[in-house]
Amino acid sequence: MLRRPRRNRKSESIRKLIRENAVHANDLIQPLFLTTGVNKKEQIKSLPVAHRFSTDKILFEIEECIKLGLHSFIMFPKIPQDLKNPEASYSINPDNYYLKAAIEIKDRFPNITLISDVALDPYNSDGHDGLVKNGIIQNDETLVLLEKMSILQADAGFDILGPSDMMDGRIEAIRYALDSNKHTETSIMSYTAKYASAYYGPFRDALDSAPVNDQNIPKDKKSYQMDPANSREAIIEAELDIMEGADFIMVKPALNYLDIIHLLNTNYETPVVAYHVSGECAMLIAACQNNWLDYNTAMPETLLCIKRAGAKLIISYFAKDFLNLAKGL
Ligand code: PBG
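These numbers were taken from a predicted model, which means no experiment stands behind them.

Thresholds, definitions, all that
- Residues numbered from 1 in each chain as written.
- Predicted model: local features only at pLDDT ≥ 70, side-chain atom pairs only at ≥ 80, totals over all residues.
- Heavy atoms only, no water.
- Salt bridge = Lys/Arg side-chain N within 4 Å of Asp/Glu carboxyl O.
- Helix = DSSP H or I, 4+ residues; strand = E, 2+ residues; numbered from the N terminus.
- Buried < 20%, exposed > 50% of the residue type's maximum accessible area, 1.4 Å probe, protein only.
- Patch = residues over 30% accessible without salt bridge, like charges linked within 9 Å, V, L, I, M, F, W, Y side chains within 5 Å.
- Areas by Shrake-Rupley, 256 points an atom, 1.4 Å probe, with all protein chains shown as cover.
- Phe/Tyr/Trp six-rings, centres within 6.5 Å; stacked < 30°, edge-to-face > 60°.
- Near = heavy atom within 4 Å.
- 1 Å grid on protein atoms, 1.4 Å probe; cavity = no way out; pocket = protein on both sides within 12 Å on 5 of 7 lines; lining within 4 Å.
- Sits in = over half its atoms within 2 Å of the grid points.
- Nonpolar A, V, L, I, M, F, W, Y, C, P; charged D, E, K, R; others polar.
- Points joined across faces, edges and corners; volume = space filled by probe spheres on them.
- Contact = heavy atoms within 4.5 Å.
- Axes fitted to C-alpha atoms, helices over the stretch in contact; angles between N-to-C directions.
- Parallel < 35°, antiparallel > 145°, perpendicular 65-115°, else oblique.
- Left-handed = near helix turned anticlockwise from the far one by under 90°.
- Lys, Arg positive; Asp, Glu negative; His and termini not counted.
- Charge placed at Lys NZ, Arg CZ, Asp CG, Glu CD.
- Pairing = 2+ DSSP bridges.

Engineer: For this particular structure, what's the right way to read the pattern of salt bridges?
Structural biologist: Any two side chains of opposite charge can pair if their charged atoms end up close together. One pass over the structure, following the stated rule, counts 15 salt bridges. The salt bridge partner of Glu61 is Lys320, with a shortest N-O separation of 3.2 Å. In this pair, Glu61 is assigned in helix H2 (residues 55-67) and Lys320 in helix H11 (residues 319-328), connecting sequence segments 259 residues apart. For Lys320, a relative accessible area of 16% puts it in the buried group. The salt bridge involving Asp241 is made with Arg170; its shortest N-O contact spans 3.9 Å. Here Asp241 is found in helix H7 (residues 232-244), whereas its partner Arg170 is found in helix H5 (residues 170-179), with 71 residues between them in sequence. Because the salt bridges share partners, they merge into one network encompassing Asp121, Asp129, Lys194 and Lys221.

Engineer: What's the story with a nonpolar patch on the surface in this structure? I'm lost.
Structural biologist: Nonpolar side chains collect at one region of the surface, where Ile236, Leu240 and Met243 lie side by side and expose about 320 Å² of accessible area between them. According to the relative accessible area criterion, Met243 is exposed, its value standing at 66%.

Engineer: Help me understand the packing of aromatic side chains, please; the structure alone is not making it clear to me.
Structural biologist: Two aromatic rings, taken as a pair, are described by how far apart their centres are and by the angle between their planes. This model, assessed by the stated rule, comprises 11 aromatic pairs. Geometrically, the ring pair formed by Phe33 and Phe203 is edge-to-face, given 5.7 Å between the ring centres and 65 degrees between the ring planes. One end of the pair, Phe33, is in strand S1 (residues 28-35); the other, Phe203, is in helix H6 (residues 201-207), with 170 residues separating them in the sequence. The exposure class of Phe33 is buried, given its relative accessible area of 2%. Overall, Phe203 belongs to the buried group, its relative accessible area being 12%. Between Phe76 and Tyr275, the ring centres sit 6.4 Å apart and the planes meet at 35 degrees, which makes this aromatic pair tilted. Placement of Phe76 in strand S4 (residues 72-77) and of Tyr275 in strand S11 (residues 272-276) is noted, with a sequence separation of 199 residues between them. Note on accessibility: Phe76 and Tyr275 belong to one class, buried.

Engineer: Mind showing me how you'd approach the site of the ligand here?
Structural biologist: Arg204, Lys221, Lys252, Ser278 and Tyr317 are the nearest of the 16 residues found near the ligand. Summarising the interface, the protein chains cover 100% of the accessible area of the ligand, which totals 400 Å² for the free molecule. Spatially, the ligand is embedded in the largest cavity. Of the residues that constitute the shell around the ligand, the class distribution is seven nonpolar, three polar and six charged.

Engineer: How should I be thinking about the layout of surface pockets in this particular structure?
Structural biologist: A probe matching the size of a water molecule, rolled over the atoms, marks out where space remains unfilled. Roughly 380 Å³ of internal volume is contained in the largest pocket. In terms of lining residues, the largest pocket is bounded by 13 residues, among which Arg15, Arg19, Glu20, Asn21 and Leu304 are the most central. Among the elements of the structure, helix H1 (12-18) and helix H10 (295-309) are those that each provide at least two residues to the lining of the largest pocket.

Engineer: How do you make sense of the side chain of Asp121 when you look at a structure like this?
Structural biologist: Inspection of the secondary structure assignment puts Asp121 in the loop between strand S5 (113-115) and strand S6 (131-133). When its relative accessible area of 6% is taken as the criterion, Asp121 is described as buried. Other than its neighbours up to four places away in sequence, Asp121 contacts Gly127, His128, Asp129, Ser209 and Lys221.

Engineer: Any chance you could explain the side chain of His276 here in plain terms?
Structural biologist: Relative to the helices and strands, His276 resides in strand S11. A relative accessible area of 0% places His276 in the buried class. Excluding residues within four positions of it along the chain, His276 makes contact with Ala254, Leu255, Cys281, Thr302, Leu303, Ile306, Ile314, Ile315, Ser316, Tyr317 and Phe318.

Engineer: Hey, could you run me through the environment of Asp82 in this one?
Structural biologist: Examined against the element boundaries, Asp82 turns out to sit in the loop between S4 and helix H3 (97-108). The class for Asp82 is exposed, based on a relative accessible area of 70%.

Engineer: Is there a simple way to explain the packing of helix H4 (residues 139-156) against H5 in this structure?
Structural biologist: Geometrically, a packed helix pair is captured by the angle between its two axes and the distance between the axes. The contact between H4 and H5 brings their axes to 9 Å, and the two run at 45 degrees. Classed by the angle they form, the pair H4 and H5 counts as oblique. Of the two possible hands of crossing, H4 and H5 adopt the one that is right-handed. For the pair H4 and H5, contact is made by Leu143, Leu146, Glu147, Ser150, Ile151 and Ala154 and by Arg170, Ala173, Ile174, Ala177 and Leu178, respectively. Partitioned by chemical class, the residues of the contact of H4 with H5 number eight nonpolar, one polar and two charged.

Engineer: Where do I start with a positive patch on the surface in this structure?
Structural biologist: A cluster of basic residues, Arg3, Arg4, Arg6, Arg7, Arg9 and Lys10, forms a positive patch at the surface. Note that Arg4 resides in the segment before H1. What makes Arg4 partly exposed here is its relative accessible area of 43%.

Engineer: Teacher, can you tell me more about the pairing of strand S3 (residues 51-54) here?
Structural biologist: A regular strand carries its side chains on alternate faces of the sheet. A two-sided burial pattern is seen for S3, the buried positions comprising His51 and Phe53 on one face and Arg52 and Ser54 on the other. Sheet analysis places S1 next to S3, joined by three bridges and oriented parallel. Counterpart to Leu34 in the pairing with S3 is Phe53. Of the pairings in the sheet, the one linking strand S2 (residues 41-43) to S3 comprises three bridges and is antiparallel in character. In the sheet register, Glu42 faces S3, and the bridge partner there is Arg52.

Written as structure tokens, this is what we have:
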């Protein structure tokens, strides 16, 4: 045998020499769930690695993450039921507690990157990312709200806005709204290829944001999020988002969609972000709790493979844990 590929695997030192990919703190974005009140750190049953924090507690959490080398966070609010309505009006209330929390966070930690969520679902009593009228999600009417939300979020100091709504034309609408309000420096991380996936369950538990069970309200998000059967549409979405001014393009979920991550990374220069979503983390945790998988090896392997597929950045509920683990090695 002239070629023996095993020679390049014969010791850890040689394996390190030929290793092509690694996950660093700079690759990771930590998601955070925010809730109202004070002194709260609530467990999320279907996502044991994550918590909902009140603003005072989220500051401690961010501080801990910073000590591990993380410096980038994406924050989602749980909105109390009595503040939700079909107009999602709390989303554009300048006094809303999500915006106030952002101001506090950026005041305390000016050097971190704080990423927002731009979509109506946490605020919408119908549980959809867009306004619902006669059972139909209203694209262009929703854009008006998204523009207002975006300006308020930029005012509050979010560094990057994350439109997760999948309405057509929203990147251009938001970019234009930001630029006309002196926010030319606020970035946009677009949820470019966001699929109508079954893996968002624990996230919707965390925010109590699932579409409501009502015969006049669509029970799923298939009329705006992408069909898991398709990859060509991801190219259309990426073309549009980049043309409309997106600074980052996201693929979501990550693991069942590694081909899409690869496709976008191969075709575009704009950095590709993978969202390793709640259900993907939950199923790994569940298997580990049953001793069917080993958490300390399966979890880092998962993040590494998302990186190898072509993700420049990974949003994962495991970010903090990954660095904790790396520190212990
Ligand atoms: C909604 C939104 C969702 C997630 C992020 N933003 C859920 C949905 O589309 O229903 C899911 C993230 C996760 O599952 O971790 N705008």
